[in-house]
Amino acid sequence: MDVIIINGGRALAGTVATSGAKNAALPLLFSSLLAEGEHIYRNVPRLKDIDSTELLLRHLNCKIQRTGNQFKVSVNRPDSLVAPYDIVRKMRASILCLGPLLARYGKAKVSLPGGCAIGSRPINLHIEPLRQLGATIDIENGYVIAQASKLVGDKIVFEKVTVGGTENIMMAATLARGITVLENAAMEPEIVDLAHCLKKMGARIEGEGSSVISIKGVDELHPCEHRVIPDRIEAGTLLISGAITGGDVRVENCVPADIQALITKMRESGFDLETGQDWVRVKACDEWAAVDIDTAPHPGFPTDLQAQFMALMTQARGTSVITEQIFENRFMHVQELLRMGANITQKSQVAIVHGNRGELSGAQVMATDLRASACLVLAGLAATGETVVNRIYHLDRGYDHLEKKLQQLGARIERHAEGSI
Ligand code: UD1
């Protein structure tokens, strides 16, 4: 297993570009199952979750051709409509094949994704709405077994905002009979991107980006070409890498409006941020103040940037209260930050970070989940001495060569195969 070694303490400077968004690319690739034929996706990031998606699509009889960041997916009628445990357990987002397979072929058997480090992550908000659209769904031997000769539109009110649930039901509803209205729908940019692509495929969707989405079912969809939106979480992580090292970093190929919540909090903290049409620059800053954050569905502060922001707050002047509202167990980075000398107390879903610039020192740390890994890399950049981040396969699930991008900004960061150090 690879490790990442960081020699911290260097201010990062320069320009770096974000890749395509993981959380947009995954549902987009699964949406291809709604229409047989050749789909083309551009700006697909190179990361492990995309490899897992490719594996599942191939298992479902798709042919895939990758050229650089372009993905050509040729969808053929699958011989088997099963998403097996071995693939699904590696990536929870595999559940996103359920809606498309059921809507297109009237049947699907998808493994239950199982537990997850950051919380229980149930799929009831995927299953119940599909039942409401007329599907018969049983859970047997660890699989969701769904059937429906034809889904029928209905009004779905999500009891909780769910990104994946909104995506799955929106995809299923494109081929349902009649109109489906999703209330309390997620408003994330990735939902909007998926809706744009589905519309290119012939779907009739209105209201994406608001909390009410209405979908008028059509008889069939056709393949299309689509460019994946930039990754707002990667953009935020790169901005924080500049901020936490007192550096000057310009992040290009991003949509500033999509990370407005982060930009607002960084400005409140004292950072000077400049924005253009598709870039954000954070300028060197010697001292910044602690600010509080509460994670919330978009346009609130994203849970996927909570861990990285906590790293930044360990270096702030004052005390920051960080409240995680989306997942019940998303503070595993706290224990690792403590090993690096941070001063944090945590009780349930609230972490109190007592900031102190320069207090972090390099240590051996363990990545526990995707965004926690990014937090530890950022802490390592700010720490004195050497930080070794273990279990970085988590990082590779969702970041497109993060260490190379940080090297480009002057970071002393290297990947080593275990055993080679
Ligand atoms: C997506 C993102 C993930 C991000 C999360 C929240 C992808 C591939 N992943 O995950 O990076 O952290 O949104 O912004 O896009 N819930 C239920 N029942 C369900 C589904 C969800 O109770 O059936 C709960 C979850 O436990 C969680 C909350 O709803 O507490 C939000 O989860 P959800 O928005 O569904 O997250 P994902 O789509 O899995």
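Residues numbered from 1 in each chain as written. Predicted model: local features only at pLDDT ≥ 70, side-chain atom pairs only at ≥ 80, totals over all residues. Heavy atoms only, no water.

Enquirer: Explain the site of the ligand to me, please; I cannot follow it from the model alone.
Expert: In the vicinity of the ligand, 17 residues are found, and the nearest of them are Leu125, Thr162, Gly164, Asp304 and Ile326. Pro122 is positioned with one of its backbone polar atoms (N or O) 3.1 Å from an oxygen atom of the ligand. Taking 740 Å² as the accessible area of the ligand by itself, protein coverage stands at 85%. Of all the secondary structure elements, the ones that give two or more residues to the shell around the ligand are helix 5 (124-132) and helix 6 (163-173). When residues of the shell around the ligand are assigned to their parent elements, the largest contribution, 3 residues, is made by helix 5. For the shell around the ligand, the class distribution of residues is 7 nonpolar, 6 polar and 4 charged. (Near = heavy atom within 4 Å. Polar contact = N/O pair within 3.5 Å; in protein donor to acceptor, adjacent residues only side chain to side chain. Areas by Shrake-Rupley, 256 points an atom, 1.4 Å probe, with all protein chains shown as cover. Helix = DSSP H or I, 4+ residues; strand = E, 2+ residues; numbered from the N terminus. Nonpolar A, V, L, I, M, F, W, Y, C, P; charged D, E, K, R; others polar.)

Enquirer: What should I look at first to understand the sheet that holds strand 19 (residues 318-323) in this one?
Expert: In a beta sheet, neighbouring strands pair by backbone hydrogen bonds and run either parallel or antiparallel. Read across the open sheet, the 4 strands follow the order 18-19-21-20; overall the sheet is mixed. This sheet does not close on itself; its edge strands, each paired only once, are strand 18 (293-294) and strand 20 (343-347). Of the pairings in the sheet, the one linking strand 18 to strand 19 comprises 2 bridges and is parallel in character. Paired with Asp294 across the bridge in strand 19 is Thr323. (Pairing = 2+ DSSP bridges.)

Enquirer: Hey, could you run me through the sheet that holds strand 17 (residues 279-282) in this one?
Expert: The strand order across the open sheet built from 4 strands is 2-15-17-16, with neighbouring strands paired in mixed fashion. Every other strand in the sheet has two partners, leaving strand 2 (13-17) and strand 16 (273-275) as the edge strands with one partner each. For this sheet the average axis-to-axis angle between neighbouring strands, irrespective of direction, equals 15°. Bridge count for strand 16 against strand 17 is 3 bridges, and the pairing is antiparallel. When the sheet's bridge partners are listed, Glu274 is paired in strand 17 with Arg281. The sheet strands contacting helix 8 (residues 232-244) are strand 2, strand 15 (248-252), strand 16 and strand 17, and the helix crosses strand 15 at an angle near 170°. (Axes fitted to C-alpha atoms, helices over the stretch in contact; angles between N-to-C directions. Contact = heavy atoms within 4.5 Å.)

Enquirer: Before we go on, may I ask you to explain the nonpolar core in this structure?
Expert: It is characteristic of soluble globular proteins that their nonpolar side chains tend to be buried jointly. Judged by nonpolar contacts, the single largest core of 75 residues is most densely connected at Val73, Leu98, Leu151, Met170, Leu182 and Leu198. If you tally residues by element for this core, the top one is helix 1 (residues 22-31), at 6 residues. Once residues lying within four places of it in the same chain are set aside, the contact partners of Leu198 are Ser31, Leu34, Met170, Met171, Thr174, Ala203 and Ile205. Counting 68 residues, the second-largest nonpolar core is a separate cluster that includes Val16, Cys254, Ala379 and Ala411. (Core = buried A, V, L, I, M, F, W, Y, C linked by side-chain atoms within 4.5 Å. Buried < 20%, exposed > 50% of the residue type's maximum accessible area, 1.4 Å probe, protein only.)

Enquirer: Quick question: what am I supposed to make of the pairing of strand 1 (residues 2-7) here?
Expert: Relative to strand 24 (residues 412-417), strand 1 runs antiparallel, the two being bridged by 6 bridges. Pairing of Asn7 across the sheet is with Arg412, part of strand 24. Across 4 bridges, strand 1 lies against strand 23 (residues 386-390) in antiparallel orientation. Bridging across to strand 23, Ile4 finds its partner in Val389.

Enquirer: How should helix 1 be read in this particular structure?
Expert: Think of an α-helix as 3.6 residues a turn; residues three or four steps apart then line up on the same face. When you tally the buried positions in helix 1, you get 9 out of 10 residues, the bulk of the element. Burial in helix 1 covers these residues: Lys22, Ala24, Ala25, Leu26, Pro27, Leu28, Leu29, Phe30 and Ser31.

Enquirer: Explain the packing of helix 10 (residues 306-313) against helix 12 (residues 370-382) to me, please; I cannot follow it from the model alone.
Expert: For any two helices packed against each other, one specifies the crossing angle of their axes together with the interaxial distance. For the pair helix 10 and helix 12, the least separation of the axes is 7 Å and the interaxial angle reads 20°. Here helix 10 lies roughly parallel to helix 12, going by the angle between them. Here helix 10 runs over helix 12; the crossing is right-handed. Residue-level inspection shows Ala307, Gln308 and Ala311 of helix 10 in contact with helix 12, the latter providing Arg371, Ala372, Ala374, Cys375, Leu378 and Ala379. (Parallel < 35°, antiparallel > 145°, perpendicular 65-115°, else oblique. Left-handed = near helix turned anticlockwise from the far one by under 90°.)

Enquirer: Is there a simple way to explain the environment of Gly380 in this structure?
Expert: Within the secondary structure, Gly380 sits in helix 12. For the pair Gly380 and Arg42, spaced 338 residues apart in sequence, the C-alpha separation works out to 33 Å. In contact with Gly380, other than residues within four places in its own chain, are Ile6, Gly8, Met340 and Thr387.

Enquirer: Sorry if this is basic, but what is going on with the pairing of strand 8 (residues 136-140) here?
Expert: Side-chain positions along a regular strand alternate between the two faces of the sheet. Of the strand pairs in this sheet, strand 8 and strand 9 (residues 143-147) are connected by 5 bridges, and their pairing is antiparallel. Across the sheet, the residue bridging to Asp138 is Ile145, located in strand 9. Linking two consecutive strands that pair antiparallel, namely strand 8 and strand 9, is a turn of 2 residues; a positive phi of about 50° is found at Asn141 within it.

Enquirer: What's the story with the pattern of salt bridges in this structure? I'm lost.
Expert: Between side chains of opposite charge, pairing is possible as soon as their charged atoms come close. Summed over all chains, the structure comprises 24 salt bridges. For Glu54, the salt bridge goes to Arg58, with nearest N and O atoms at 2.7 Å. Residue Glu54 and its partner Arg58 are located together in helix 2 (residues 48-59), separated by 4 residues, close to a single helical turn. The exposure class assigned to Arg58 is partly exposed, which follows from its relative accessible area of 42%. For Glu234, the salt bridge goes to Lys405, with nearest N and O atoms at 2.7 Å. In this pair, Glu234 is assigned in helix 8 and Lys405 in helix 14 (residues 402-408), connecting sequence segments 171 residues apart. Of the two residues examined, Glu234 and Lys405, each falls in the buried class. (Salt bridge = Lys/Arg side-chain N within 4 Å of Asp/Glu carboxyl O.)

Enquirer: Looking at this structure, I do not really get the side chain of Lys22. What am I missing?
Expert: Take Lys22: it is sitting in helix 1. For Lys22, a relative accessible area of 7% puts it in the buried group. Among the polar contacts made by the side chain of Lys22, one reaches the side chain of Asn23 at a distance of 2.9 Å. Those residues in contact with Lys22 that sit more than four places away from it in its chain are Pro45, Leu47, Asp49, Asp231, Leu370, Arg371, Arg397 and Gly398.

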